[in-house]
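# Inside the fold
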Amino acid sequence: MTHLDDPMTLPQGDVRLLQSEVAQRLLHSTELARVAYVAKDGTPRVFPMLFHWNGSEIVFSTFGGLKVNALRARPDVAITIDTATTPPSTLLIRGKAEVTDVDGIAEEYAAAQRRYAGEEQGAANVASVDRPGVKMVRIAVRPAWVGVLDFVTRFPGGTTPDEFARRGQ
């Protein structure tokens, strides 16, 4: 079987891992993405956010704040989307955040609200913040490095299932 037949055989870091079943399931899930960045004071931060995957970028929409200024100054981010199941499924992404100001409601904000809350509640959530003069910030990350862990065939550090089972021995 070649890499093209099974993306899960690709090495960690290969962006083609986005085509794996695990990555696609997580990118279309209602799990929160956790975004790690470096704050203005130089310390690391992580914040959970709703996201929208448009096929080439993970997009976060927000109404501003300190994280936006920090991302403009230092755009390198790490993102994880994972399940709280056993075994867990984890998608790891690294890239640069592209921060754009948006007049009105960001399209990806509405899309994320619909996916997470359903059509009716998502529309209500958007309507509750959509008023004249509203401004949002679009944070788009095009994956430059991708990792996938499923703890069945892919484990941390590239270990095999047998090596992972012997950890700590």
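What counts, and at which threshold
Residues numbered from 1 in each chain as written. Predicted model: local features only at pLDDT ≥ 70, side-chain atom pairs only at ≥ 80, totals over all residues. Heavy atoms only, no water. Helix = DSSP H or I, 4+ residues; strand = E, 2+ residues; numbered from the N terminus. Buried < 20%, exposed > 50% of the residue type's maximum accessible area, 1.4 Å probe, protein only. Contact = heavy atoms within 4.5 Å. Areas by Shrake-Rupley, 256 points an atom, 1.4 Å probe, with all protein chains shown as cover. Lys, Arg positive; Asp, Glu negative; His and termini not counted. Charge placed at Lys NZ, Arg CZ, Asp CG, Glu CD. Core = buried A, V, L, I, M, F, W, Y, C linked by side-chain atoms within 4.5 Å. Polar contact = N/O pair within 3.5 Å; in protein donor to acceptor, adjacent residues only side chain to side chain.

## Comments concerning the overall build of the protein chain
Tallying secondary structure elements over the protein chain gives five helices and eight strands in all. Beginning at the N terminus, the succession of helices and strands in the protein chain can be written as α-β-β-β-β-α-β-β-α-α-β-β-α. Projected onto its principal axes, the C-alpha positions of the protein chain cover 60 × 40 × 30 Å. The buried share of the protein chain, reckoned over its 169 residues, is 43%. Taking the intrachain contacts of the protein chain between residues at least 6 apart in sequence as the baseline, contacts between residues at least 24 apart amount to 69%. Accessible area of the protein chain: about 9400 Å², with a carbon and sulfur share of 54%. When the 19 positive and 20 negative side-chain charges of the protein chain are each reduced to one mean point, those points stand 7 Å apart.

## Points about the nonpolar core
Among the nonpolar cores identified, the biggest contains 35 residues, and Ile58, Phe60, Ile79, Ile81 and Leu91 are the most heavily contacted of them. Once residues lying within four places of it in the same chain are set aside, the contact partners of Ile81 are Leu26, Leu27, Ser29, Glu31, Leu32, Ala33, Phe51, Ile58, Ser89, Thr90 and Leu91. Tyr109, Ala110, Val129 and Val134 belong to the second-largest nonpolar core, a separate cluster that totals nine residues.

## Focus: the side chain of Thr80
Among the secondary structure elements, Thr80 is positioned in strand β5 (residues 76–82). Side chain to side chain, Thr80 and Asp82 meet in a polar contact 3.2 Å long. Setting aside chain neighbours within four positions, we find Thr80 in contact with Leu32, Ala33, Arg34, Thr90, Leu91 and Leu92.

## Quick word on the environment of Gln121
Considering the arrangement of structural elements, one finds Gln121 in helix α4 (residues 119–129). Separated by 2.7 Å, the side chains of Gln121 and Asn125 make a polar contact.

## Considering unusual backbone geometry
Following Thr86, the chain continues into Pro87 via a peptide bond in cis, with omega recorded as -5°. As for its position among the elements, Pro87 is in the loop between β5 and β6 (90–103). Its identity as a non-glycine residue notwithstanding, Phe151 has a phi of 55°, on the positive side. Its location among the elements puts Phe151 in the loop between β8 (145–149) and α5 (161–165).

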